[in-house]
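# Architecture at a glance
The lines below spell out each chain.
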Amino acid sequence: MNFEFSADQKFIQQQAREFLSVKCTTQQVRTVLDGGDALDEALWQDVIKLGWTGTTIPESYGGLGLSHLELCVIAEELGRALAPIPLSSSLYLATEILLMAGSEKQKQSWLPRLAGGDVRATVQVPPGGAGRLYPTVQHKDGTLRSESCVVADAGIADFIIVAAEDEEGIGLFLITTDQEAVVISPTTAIDPTRPLFMVALNDATSERVGGAGDGADILGNCIDRAAVLVAFEQVGGASACLDMGREYTTNRYAFGRPVASFQAIKHKLADMFVAIELARSNAYYGAWALSTDAADLTLAAAAARISAGDAYFACSKENIQAHGGMGFTWEFDCHLYYRRAQHLSLLLGGQRYWKNRLVDQIKLNHAA
Amino acid sequence: MDFNDTAEQAAFRAEIREWLSVNATARQPNQGVQDLGSVFRRAKEWYKKVYDAGYACHTWPKEYGGGGRSQIEAVIWSQEVANYAEPDGYFVIGQGNCGPALMALATEEEKRRLLPRMASAEDVWCQLFSEPGAGSDVAGLRTRAVQADDSDWRINGQKIWTSGAQFSQYGVILCRTDPDVSKYRGLTMFYIDMEQAGVEVRPIVQMDGGQHFNEVYFNDAVVPDSWRLGEVGGGWSAALTVLMNERMAISGVQPNGFSEFLQFCLSAELADGPAIDDPVVRDRLADWYCKDAGLRNANSRMLTAISQGGIPGAEASLGKLVGAAMNQEIANFVLQEIGPEAAVCDEQFAAMQANFQKAILFSPGIRLAGGTDEVMRNIIAEQVLGLPQEPRADKGIPFCDIPTGSSS
Ligand SMILES: Cc1cc2nc3c(=O)[nH]c(=O)nc-3n(C[C@H](O)[C@H](O)[C@H](O)COP(=O)(O)OP(=O)(O)OC[C@H]3O[C@@H](n4cnc5c(N)ncnc54)[C@H](O)[C@@H]3O)c2cc1C
């Protein structure tokens with residue numbers, strides 16, 4: 001047993017942190033926030049140059065051919081830096097589905113362009129509850145219909161993968177966004193640095209990804225895998241909140257002493273540390289399960305996801321509290337993390353979806 | 001990153017599985033009530049058997065009665081023995097706290113003489129730190145050790161909450177040797193013969209009715225100077241070594257109640273259907289599963305760090321802090337789910353041999369023993385996060401001038 005990232009992986013993490021501390025300051029994130037942009041295009045171009053868009057894409061398709069462990073450490077840094085880029089949509093989700101279920105032709109046509117940054121993609125995560133996803137899109141003869149539904153990053157994506165129902169069950173389909181039948185309109189989001197769009201499909205032309213009727217399994221599995229990566233982003237963000245809270249309360253004085261010397265504040269920060277340690281430890285196990293396709297990936301992903309979501313919410317709210325009135329201002333960065341915490345924890349289904357998925361899996365394991 | 005056993009670890013696991021299947025007692029659905037004395041005797045017998053097979057104190061060097069194995073192998077042992085109705089970690093205070101203190105501070109001759117008997121549980125050891133006036137602030141202790149002309153030390157005073165003192169041959173004791181210097185500098189650590197005339201042990205009845213801990217009175221008890229552990233006045237740093245080992249020793253075996261809770265969820269029928277299908281139960285099951293998994297995985301990370309040469313830091317406080325509180329919350333939750341009949345404590349009638357009824361009464365103690373929840377948070381805040389200490393009223397003044405209160 002060895003429960004630690006390798007020296008090489010830690011080095012990649014260190015490089016990522018240094019790079020982002022220059023290219024993705026919170027000042028930079030605020031440019032996206034205040035400007036209403038859908039992403040930080042300059043940062044995205046740098047990320048493409050580093051090859052991150054192809055981290056887990058095999059070299060034969062133009063990627064770096066690294067394992068998911070390397071992607072996990074990068075994800076933690078992206079989360080810490082609040083990176084306003086669509087890597088989760090494009091890489092953790094869309095690329096992953098093509099790698100898992102795409103035909104050879106689809107892989108050859110899309111993966112090199114995804115890796116090289118020529119195209120961006122996203123996946124519609126259907127509404128979820130009770131541990132299941134409920135697709136709202138209908139498929140008929142290669143075309144898709146749907147009323148407006150939420151899709152992260154759709155407005156900056158070249159194609160979208162959606163789950164749609166037909167007589168054969170739920171299948172996955174790829175639609176390019178350059179057609180008139182795909183109507184994408186902007187909307188406001190809790191976290192404006194990660195944009196959401198409303199997408200309506202009026203008989204959009206599509207191609208199937210994977211087999212008929214196997215869409216729920218593939219998508220469920222893909223979301224499990226993405227959940228581990230997002231958990232690392234959440235752990236990174238939560239750690240940033242703890243660092244920020246510690247820094248501020250150490251330098252802020254009240255009643256003639258540092259606020260951080262009051263036990264109510266110390267215990268608050270200790271609880272933040274505890275929540276992060278539990279979440280990080282579950283995320284590590286998730287990373288191992290993800291990189292080895294372990295049998296208990298679903299359990300591992302759900303545990304990582306639930307504890308990381310809880311930790312990020314707890315840390316981002318208590319960081320605001322520890323900052324006093326300053327924490328409630330637009331000017332201070334506390335709310336950027338608080339917003340991102342909500343965004344990430346809703347992105348792949350809320351806690352209700354994950355708790356149900358976890359308990360269903362426990363039941364299944366014990367029935368066997 | 002790799003969670004699977006290496007070939008060597010897998011071989012070790014197979015070996016002990018085989019040994020346990022022959023030598024250990026299987027879990028029985030209905031284990032009756034046993035008095036403390038008989039539980040203790042059974043535990044001693046079991047440890048002797050384990051020792052003779054070479055499976056005691058896995059991480060200790062072989063010459064001191066240990067297995068000369070790694071922390072990871074110790075964990076494998078704990079995982080496997082957990083499948084049987086045998087005590088693991090029963091002598092954790094001696095083997096987990098006192099053993100490492102001797103390892104660090106005793107002479108070679110003492111280690112070879114004392115440690116193997118501790119490993120086999122032929123000698124039981126207790127830890128005599130807390131006093132009526134000094135628990136969280138243990139450095140405020142008052143039990144005096146004075147060196148007589150014959151160079152032996154005479155011990156006078158009172159210890160309290162000493163777990164297992166009634167069964168112990170030896171104890172590791174922290175005493176004040178100089179009251180005129182600041183409190184941390186006037187302490188000295190010894191080991192002491194518990195069976196001598198000057199030591200009187202009186203069991204204390206706990207709130208759950210059990211009697212695991214004791215008051216211990218010292219009336220001119222004698223300790224030879226050669227039984228001193230560390231320098232005169234060096235007791236505090238010696239004690240910190242012990243306490244650090246304690247947190248590590250319990251962080252892996254700290255009961256958090258999850259496996260019993262899972263068993264409840266999978267087997268219980270509530271008034272309106274199986275527990276596992278109840279939305280409220282499911283919500284809690286998910287939460288506690290995540291905490292339990294988080295603790296296990298955090299422990300694995302700590303072990304990895306140790307096996308790569310790191311030292312366990314205050315992070316080890318995590319298991320204690322989270323597990324103890326969780327245990328109590330689980331007990332309360334299950335009792336409230338069951339409803340009125342859960343108030344019955346009788347093992348014959350209450351679900352799972354009254355596990356949760358016992359847990360609700362025992363769990364408050366776990367949040368106190370080995371450092372309270374509040375002290376654990378202080379440790380994390382100060383030692384891990386580096387936050388400033390609170391202003392203190394006992395700094396820089398001689399021990400004898402420090403203010404005291406009237407609650408004993
Ligand atoms: C089951 C059990 C077994 C034990 N076994 C042993 C043993 O074998 N050997 C041994 O030496 N001791 C043992 N102890 C003693 C244990 O270590 C002490 O009870 C514990 O450290 C608390 O000390 P206290 O009881 O004096 O409480 P106090 O220190 O008086 O604490 C009272 C309250 O004040 C709080 N408090 C105190 N200081 C602070 C602070 N700085 N900040 C915030 N809150 C604070 C505490 O958290 C607690 O809530 C055992 C205790 C129990 C319950």
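Residues numbered from 1 in each chain as written. Chains lettered and ligands numbered in written order. Predicted model: local features only at pLDDT ≥ 70, side-chain atom pairs only at ≥ 80, totals over all residues. Heavy atoms only, no water.

A word on the overall build of chain B. Each helix and strand counted, chain B has eleven helices and ten strands in total. Oriented by its inertia axes, the alpha-carbon framework of chain B measures out at about 75 × 50 × 45 Å. Within chain B, buried positions represent 49% of all 408 residues. Of the roughly 18,700 Å² of accessible surface on chain B, 51% is carried by carbon and sulfur atoms. In chain B, which carries 35 positive and 54 negative side-chain charges, the distance between the mean positions of the two groups comes to 3 Å. (Helix = DSSP H or I, 4+ residues; strand = E, 2+ residues; numbered from the N terminus. Buried < 20%, exposed > 50% of the residue type's maximum accessible area, 1.4 Å probe, protein only. Areas by Shrake-Rupley, 256 points an atom, 1.4 Å probe, with all protein chains shown as cover. Lys, Arg positive; Asp, Glu negative; His and termini not counted. Charge placed at Lys NZ, Arg CZ, Asp CG, Glu CD.)

Turning next to the site of the ligand. Residues in contact with the ligand amount to 18 residues; listed here are only the nearest, Ser130, Ser136, Trp161, Ser163 and Thr372 of chain B. In this structure the ligand sits where residues from chains A and B come together. Phenylalanine 129 of chain B is positioned such that a nitrogen or oxygen atom in its backbone is 3.1 Å from an oxygen atom of the ligand. Measuring from an oxygen atom of the ligand, one finds a side-chain N or O atom of glutamate 374 of chain B at 2.8 Å. Out of a free accessible area of 970 Å², the ligand has 67% covered by protein chains. Those elements that place two or more of their residues in the shell around the ligand are β3 (153–163) and α11 (373–384) of chain B. For the shell around the ligand, the element with the most residues is β3 of chain B, which contributes three residues. (Near = heavy atom within 4 Å. Polar contact = N/O pair within 3.5 Å; in protein donor to acceptor, adjacent residues only side chain to side chain.)

So, about the interface of chain A and chain B. Each partner contributes to the interface: chain A provides 43 residues, whereas chain B provides 45 residues. Buried surface at the junction of chain A and chain B, both sides included, amounts to about 4,300 Å², of which 66% is carbon and sulfur. Where chain A touches chain B, the interface holds eight salt bridges. Between lysine 355 of chain A and aspartate 283 of chain B there is a salt bridge, with its nearest N and O atoms 2.9 Å apart. Counting across the interface, chain A meets chain B through 21 residue pairs in polar contact (both at pLDDT 80 or more). (Contact = heavy atoms within 4.5 Å. Buried area = accessible area lost by both parts, 1.4 Å probe. Salt bridge = Lys/Arg side-chain N within 4 Å of Asp/Glu carboxyl O.)

Residues and elements named next belong to chain A. Structurally, chain A comprises domain 1 (7–115), domain 2 (121–214) and domain 3 (216–367). Summarising the inter-unit geometry, the C-alpha centres of domain 1 and domain 3 are found 20 Å apart. When the two sides are added together, the surface that domain 1 and domain 3 hide from each other amounts to roughly 2,400 Å², 68% of it contributed by carbon and sulfur. Among the residues of domain 1 in contact with domain 3, Arg30, Glu76 and Leu82 are the three that bury the most area, contributing 24% of the side total. Joining domain 1 to domain 3, the criterion identifies three salt bridges. We note a salt bridge from glutamate 76 to arginine 280, for which the minimum N-O separation is 2.9 Å. Counting every contact that joins domain 1 to domain 3 gives eleven residue pairs in polar contact (both at pLDDT 80 or more). Elements supplying a minimum of two residues to the side of domain 1 that touches domain 3: α2 (26–35), α4 (68–80) and α5 (87–101). When residues in the side of domain 1 that touches domain 3 are grouped by element, the largest group, nine residues, is from α4. Partitioning the side of domain 1 that touches domain 3 into residue classes produces 15 nonpolar, four polar and five charged. (Domains from an automatic or database assignment. Nonpolar A, V, L, I, M, F, W, Y, C, P; charged D, E, K, R; others polar.)

This part takes up the confidence of the model for chain B. The share of residues in chain B with pLDDT of 70 or more is 96%, and the mean pLDDT across the chain is 91. For this predicted complex, the interface score ipTM comes out at 0.96, alongside a pTM of 0.95. (pLDDT = per-residue confidence, 0-100.)

Before going further, it helps to examine the domain arrangement of chain B. Along its sequence, chain B is organised into domain 1 (7–90), domain 2 (125–239) and domain 3 (254–371). Domain 2 of chain B and domain 3 of chain B are separated by 34 Å when their C-alpha centres are compared.

Residues and elements named next belong to chain A. Residues of α2 that are buried include every one of Val29, Arg30, Val32 and Leu33, and no others. For α2, the angular spread of buried residues about the axis comes to 155°, placing them on one side. For α2, exposure combined with an orientation more than 90 degrees from the buried face picks out Gln27, Asp34 and Gly35. On the buried face of α2, the contacting elements are α10 (334–347). Phi for glycine 36, located one or two positions after α2, is positive at around 70°. (Arc of directions from axis to C-beta.)

This part covers the packing of aromatic side chains. All names here are of chain B. Going through the model one piece at a time under the given rule, you end up with 36 aromatic pairs over all chains. On the basis of an interplanar angle of 85° and a centroid distance of 4.8 Å, the ring pair of tyrosine 47 and phenylalanine 91 is categorised as edge-to-face. Taken as a pair, tyrosine 47 in helix α2 (residues 36–52) and phenylalanine 91 in the loop between α3 (71–81) and α4 (92–105) lie far apart in primary sequence, 44 residues in all. The two residues tyrosine 47 and phenylalanine 91 agree in class, both being buried. A ring pair is formed by tyrosine 170 and tyrosine 191, whose centres lie 6.3 Å apart and whose planes are at 65°; its orientation type is edge-to-face. (Phe/Tyr/Trp six-rings, centres within 6.5 Å; stacked < 30°, edge-to-face > 60°.)

Going through the model one piece at a time under the given rule, you end up with 46 salt bridges over all chains. For the salt bridge of aspartate 360 of chain A with arginine 282 of chain B, the shortest nitrogen-to-oxygen distance reads 2.8 Å. With aspartate 360 of chain A in helix α11 (residues 351–367) and arginine 282 of chain B in helix α8 (residues 279–307), this residue pair bridges two chains. We classify aspartate 360 of chain A as partly exposed; its relative accessible area is 26%.

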